[in-house]
Amino acid sequence: MASPAQADGSVNIYSYRQPYLIQPLLNRFTEETGIETNIVYASKGLGERIKAEGVNSPVDVMLTVDIGRLEGAKTLGFAAPLDNATINANIPENFRDPENRWFGLTGRARVVYASKERVTQNTITYAELADPKWKGRICTRSGQHDYTIGLIASIIAHEGTDKAKAWLSAVKENLARKPTGNDRAQVQAIYSGECDIALGNTYYMGKMLTNDKEPEQETWAKSVKILFPDAEGRGSHVNISGMVLAEHAPNRDNAVRLMEFLTSDEAQGLYAEINFEYPLNPHVAPSELVSSWGKLHPDSLPLIEIAKHRREASELVDEVAFDDGPSS
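Because the structure is predicted, anything quoted here is derived from the model rather than measured.

S.K.: Outline empty space enclosed by the protein, listing residues and values.
M.R.: Within this structure, the stated rule accounts for one cavity of 30 Å³ or more. In this structure, the largest cavity occupies an estimated 40 Å³ of space. If you go around the largest cavity, the residues you meet are T140, T148, L151, I152, W167, L168, V171, L199 and F322. Mapped onto the lining of the largest cavity, the elements with two or more residues apiece are α5 (146-159) and α6 (161-173).

Written out as structure tokens, the structure reads:
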């Protein structure tokens, strides 16, 4: 990689990822290359903004979370193809777009949070969440949230629509309450005894266990253990954060250098330590805390195959009135 003296210019980033989550990586990139990074953050609408800006868009790279938004970049037409040997070597094929228009960076497994006090088992499957033994014992966030849609889409991809609908209906009847709150709220609900298990992303547990500003979250998290669904079978559902090269990137060479850096052992290690996410680069291990939860066996089905069923998953959520909660 060139020294700062050999590099110049900047790279412009539109990000759905909050700046504090990625700024340490961008700082390191600038230290090593001399390339400055400019970042615009928003919680929604960035894809549509890039599309509207067209050839005059200043953006070089979009950073985002969720396969839906990555595929959305393709649908909106601003995701440029990039066949790059470095990126392809660092990121496994099932976490890359077959057309090289998006690339995964980190993984977040959709797991089961379980009460240490009230749940004795240490293994579980997604199918088991439909078992009547869990009636009144499950919490989750909205069925229409991207995280939930991704999981339901994976069920459709593996089991078909009819079985997925039956599963979703049964899980709905096992809910302790209407789907509400974020993943942290599900941990709080387990701590308070409102439910015994919940669906959530792994990295939230890392954030809660190390939250010095809100120490009550550490207390909630310590009452919960992580179960990796289908660890002995097809593997746990993993969604991703990822990146896209903008079609009209004004600083394309710098953008590619940033994208290569973000897949490197160094950057992936930083992701692991700072964000408690799973590096997709197979040469980089998860953080010590994340590793302490057990080994993740990710679903090997390419995410592109799961993404095809996202709209159908959303329709099923409405069809079974999942967000209305249990019928009795």
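After presenting the structure, the write-up continues.
S.K.: Quick one: what's the story with the packing of helix α8 (residues 202-209) against helix α9 (residues 215-222), residue by residue and with numbers?
M.R.: At their nearest, the axes of α8 and α9 sit 7 Å apart, and the two run at 130 degrees to each other. With respect to each other, α8 and α9 are oriented oblique. Of α9, the residues touching α8 (which contributes M205, M208 and L209) are Q217, E218, W220, A221 and K222. Looking at the contact of α8 with α9, its residues break down into five nonpolar, one polar and two charged.

S.K.: Lay out the side chain of R141 in plain terms, naming residues and giving numbers.
M.R.: Locating R141 in the fold gives a position in the loop between β5 (138-139) and α5. Since its relative accessible area comes to 8%, R141 is described here as buried. Within the structure, the side chain of R141 is placed 3.3 Å from the side chain of H145, a separation counted as a polar contact. With residues up to four places along the chain from it excluded, the contact list for R141 reads R110, Y147, T148, P179, T180, G181, N182, D183, Q186, Y204 and F322.

S.K.: Give me the lowdown on the packing of α5 against helix α14 (residues 310-319), citing residues and values where you can.
M.R.: It is at 8 Å that the axes of α5 and α14 come closest, and there the two elements cross at 105 degrees. The orientation of α5 relative to α14 falls into the category roughly perpendicular. Here D146, I149, G150, I152, A153 and I156 of α5 lie close against α14, whose contacting residues are R310, E312, A313, S314, L316 and V317.

S.K.: Residue-level account of the environment of T161, with values.
M.R.: With respect to the helices, strands and loops of the structure, T161 is situated in helix α6. Taking the C-alpha atoms as reference points, T161 and G181, 20 residues apart in sequence, are found 27 Å from one another. Filtering out sequence-adjacent residues up to four positions away, T161 remains in contact with I156, E312 and L316.

S.K.: Explain the layout of surface pockets to me, using residue names and the numbers behind them.
M.R.: Its volume calculated, the largest pocket comes out at about 520 Å³. Looking at the largest pocket, it is lined by 22 residues, and the ones nearest its centre are Q18, V65, Y147, Y203 and Y204. Broken down by secondary-structure element, the contributors of at least two residues to the lining of the largest pocket are α1 (19-33), α5 and α8. With three residues, α8 is the largest single contributor of residues to the lining of the largest pocket. Of the residues contributing to the lining of the largest pocket, the split by class is nine nonpolar, four polar and nine charged. Its volume calculated, the second largest pocket comes out at about 340 Å³. If you go around the second largest pocket, you meet 17 residues; those closest to its centre are Y278, P279, P286, L296 and P298. Here the lining of the second largest pocket is composed, by residue class, of 12 nonpolar, four polar and one charged.

S.K.: Kindly report on the state of the cysteines, identifying the contributing residues and their values.
M.R.: Going through the model one piece at a time under the given rule, you end up with one disulfide. For C139, the disulfide goes to C195, at an S-S distance of 2.2 Å. Across the disulfide from C139 to C195, rotation about the S-S bond amounts to roughly -120 degrees, and the bridge is consequently left-handed. One end of the pair, C139, is in strand β5; the other, C195, is in the loop between α7 (183-192) and β6 (197-201), and 56 residues separate them in sequence.

S.K.: Give a description of the environment of I304 that names residues and reports values.
M.R.: As for its placement among the helices and strands, I304 is situated in helix α13 (residues 303-307). Along the primary structure I304 and F95 are separated by 209 residues, whereas in three dimensions their C-alpha atoms are 8.2 Å apart. When neighbours within four sequence positions are excluded, I304 is seen to be in contact with E71, K74, D97, P98 and W102.

Procedures and definitions
- One numbering rule holds for all chains: residues counted from 1, following each sequence as written.
- In keeping with the predicted nature of the model, local features appear solely for residues at pLDDT of at least 70, side-chain atom pairs appear and are counted solely at 80 or more, and the whole-chain, interface and lining totals rest on all residues.
- Only hydrogens and water are set aside when side-chain values are computed; all heavy atoms of the structure are taken into account.
- Here a cavity is any set of points on a 1 Å grid over the protein atoms alone where a 1.4 Å probe fits but cannot get out, and a pocket is any open set with protein on both sides within 12 Å along at least 5 of 7 lines; a residue lines the site when it has an atom within 4 Å of a point.
- Grid points are joined across faces, edges and corners, and a volume is the space filled by probe spheres set on the points.
- For helices the rule is a DSSP run of H or I covering at least 4 residues; for strands it is a run of E covering at least 2, with both sets numbered from the N terminus onward.
- Here, axes are lines fitted to C-alpha atoms. For helices the fit covers the stretch in contact, and angles between N-to-C directions go from 0 to 180 degrees.
- Angle categories are assigned with fixed cut-offs, so that under 35 degrees is roughly parallel, over 145 is roughly antiparallel, 65 to 115 is roughly perpendicular, and the rest are oblique.
- Whether two residues are in contact is decided by their heavy atoms, any of which lying within 4.5 Å being enough.
- Three classes are used, and their members are as follows: Ala, Val, Leu, Ile, Met, Phe, Trp, Tyr, Cys and Pro are nonpolar, Asp, Glu, Lys and Arg are charged, and the others, Gly among them, are polar.
- In this scheme, a residue with accessible area under 20% of its type's maximum is buried, one over 50% is exposed, and one in between is partly exposed, where area comes from a 1.4 Å probe on protein chains only.
- Polar contact is the term for a pair of N or O atoms within 3.5 Å; when the atoms are in protein, one must be able to donate a hydrogen and the other to accept it, and sequence-neighboring residues count only if both atoms are side-chain atoms.
- In what follows, a disulfide is any cysteine sulfur pair within 2.5 Å.

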